[in-house]
Amino acid sequence: MTDSKTSHKYGFRVAYQETDGQRRVHHANYLNYFERGRVEMLRDLGFNYKTIEDEGRMLVVAEMNVKYFAPAEFDDWLELTTTVVEIRKVRMRHLYQIHRDDQLIVEADSVIACVDRTGKLARLPNLEAR
């Protein structure tokens, strides 16, 4: 993943349990969507997040910034684009965009740090596409 513009698209339908009393996605559920996007991007690149953890490294959220533009609702079909925009020795930055059709619903960016089992910063695993 040396190309710092690696992108991945993931489509999904909003489940009822992800919504509030108005059938709108509760704001905290977007963080779960972003996590799913990162895990699925790794999987499509030939990596299993569970294996990375089994080898003693965890990819933890160090920073998350979210901008909400419009509500998503129960049964909406959404498309999440996850893009790696920067990779350093122990951290990487992602950009996320969730669209419903052509409408941008949510945009976020995160810093993901790599730590060992003791919580100490560790070098990122080699995430070259397999």
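The residue numbering used here restarts from 1 in each chain and proceeds along that chain's sequence as written. pLDDT decides what is reported in this predicted model: residues at 70 or higher carry local features, side-chain atom pairs at 80 or more are listed and counted, and totals for whole chains, interfaces and linings draw on all residues regardless. As a rule here, side-chain values cover all heavy atoms of the structure and leave hydrogens and water aside.

1. With respect to the overall build of the chain
Helix and strand content of the chain: 2 helices and 5 strands. Taken over the C-alpha trace, the chain has a radius of gyration of 15 Å; the compact-globule value for 130 residues is 14 Å, and the two agree within 12%. Principal axes of the C-alpha set define a box for the chain whose edges measure 45 × 30 × 25 Å. Methods summary: accessible areas were calculated by the Shrake-Rupley approach with a probe of 1.4 Å, and residue burial reflects only the protein chains presented. With the model as given, the accessible surface of the chain reaches about 7700 Å², and the carbon-plus-sulfur share is 46%. In this text, helices come from DSSP runs of H or I with a minimum length of four residues, and strands from runs of E with a minimum of two, each type numbered from the N-terminal end. Our radius of gyration looks at C-alpha atoms and nothing else; its globule reference is 2.2 Å times the residue count to the power 0.38.

2. Structural notes on the sheet that holds strand 4 (residues 91–100)
Two strands make a pair as long as DSSP finds a minimum of two bridges between them. The 5 strands lie next to each other as 1-3-4-5-2, forming an open sheet whose pairing is antiparallel. Looking at which strands have only one partner, the edges of the open sheet turn out to be strand 1 (7–13) and strand 2 (57–68). Geometrically, the sheet is characterised by an average inter-axis angle of 25° between neighbouring strands, direction not taken into account. For strand 1 and strand 3 (residues 77–87), the ladder comprises 7 bridges, and the chain directions are antiparallel. For Ser 7, the partnering residue across the bridge sits in strand 3 and is Thr 83. Axis geometry follows a simple rule: fit a line to the C-alpha atoms, using only the stretch in contact for helices, then measure angles between N-to-C directions, giving values from 0 to 180 degrees.

3. Some thoughts on the packing of aromatic side chains
Ring pairs are drawn from Phe, Tyr and Trp, using the six-membered ring of Trp, whenever the two centres fall within 6.5 Å, and their geometry is named by plane angle: stacked under 30 degrees, edge-to-face over 60, tilted for the rest. Scanning the entire structure with this criterion turns up 6 aromatic pairs. Pairing Tyr 16 with Phe 74 gives two aromatic rings, centres 5.3 Å apart and planes at 90°, and the pair type is edge-to-face. Taken together, the residues span a long stretch of sequence, with Tyr 16 in the loop between strand 1 and helix 1 (29–44) and Phe 74 in the loop between strand 2 and strand 3 at a distance of 58 residues. A connected cluster of aromatic rings, assembled from ring pairs, spans Tyr 10, Phe 12, Tyr 30, Tyr 33 and Tyr 68. Above the face of the Phe 12 ring, Arg 36 is positioned so that its terminal group lies 5.4 Å from the ring centre. Our definition puts a charge over a ring when NZ of Lys or CZ of Arg is within 6 Å of the ring centre and also within 35 degrees of the ring normal.

4. A look at the pattern of salt bridges
In the sections that follow, a salt bridge refers to a side-chain nitrogen of Lys or Arg positioned within 4 Å of a carboxyl oxygen of Asp or Glu. All told, the structure shown has 9 salt bridges when counted by the stated rule. Notably, a salt bridge pairs Asp 75 with Arg 13, separated by 4.0 Å at the nearest N-O pair. Residue Asp 75 is located in the loop between strand 2 and strand 3, and its partner Arg 13 is located in strand 1; the two are separated by 62 residues in the primary sequence. Burial classes: relative accessible area under 20% of the type maximum marks a residue as buried, over 50% as exposed, and values in between as partly exposed (1.4 Å probe, protein chains only). Residue classification places Arg 13 among the partly exposed positions, given a relative accessible area of 44%. Among the ionic contacts, a cluster of salt bridges with common partners joins Glu 86, Arg 88, Arg 93 and Asp 109.

5. Some remarks on unusual backbone geometry
One non-glycine residue, Asp 75, lies in the positive phi region at around 75°. A residue is classified by how much of its surface remains accessible, and Asp 75, at 42% relative accessible area, is partly exposed. Phi angles above zero are rare outside glycine, and Asp 101 is one such case at about 55°. As for its position among the elements, Asp 101 is in the loop between strand 4 and strand 5 (103–116).

6. Here's the deal with the side chain of Ser 110
Structurally, Ser 110 is set in strand 5. What qualifies as a polar contact is a pair of N or O atoms within 3.5 Å, subject to a donor-acceptor requirement within protein and to the restriction that residues adjacent in sequence count only when both atoms come from side chains. A distance of 2.7 Å separates polar atoms of two side chains, one belonging to Ser 110 and the other to Tyr 96. The contacts of Ser 110, once residues within four sequence positions are left out, are Arg 38, Glu 63, Met 64, Met 92, Arg 93, His 94 and Tyr 96. Here, residues are in contact when the closest pair of their heavy atoms is within 4.5 Å.

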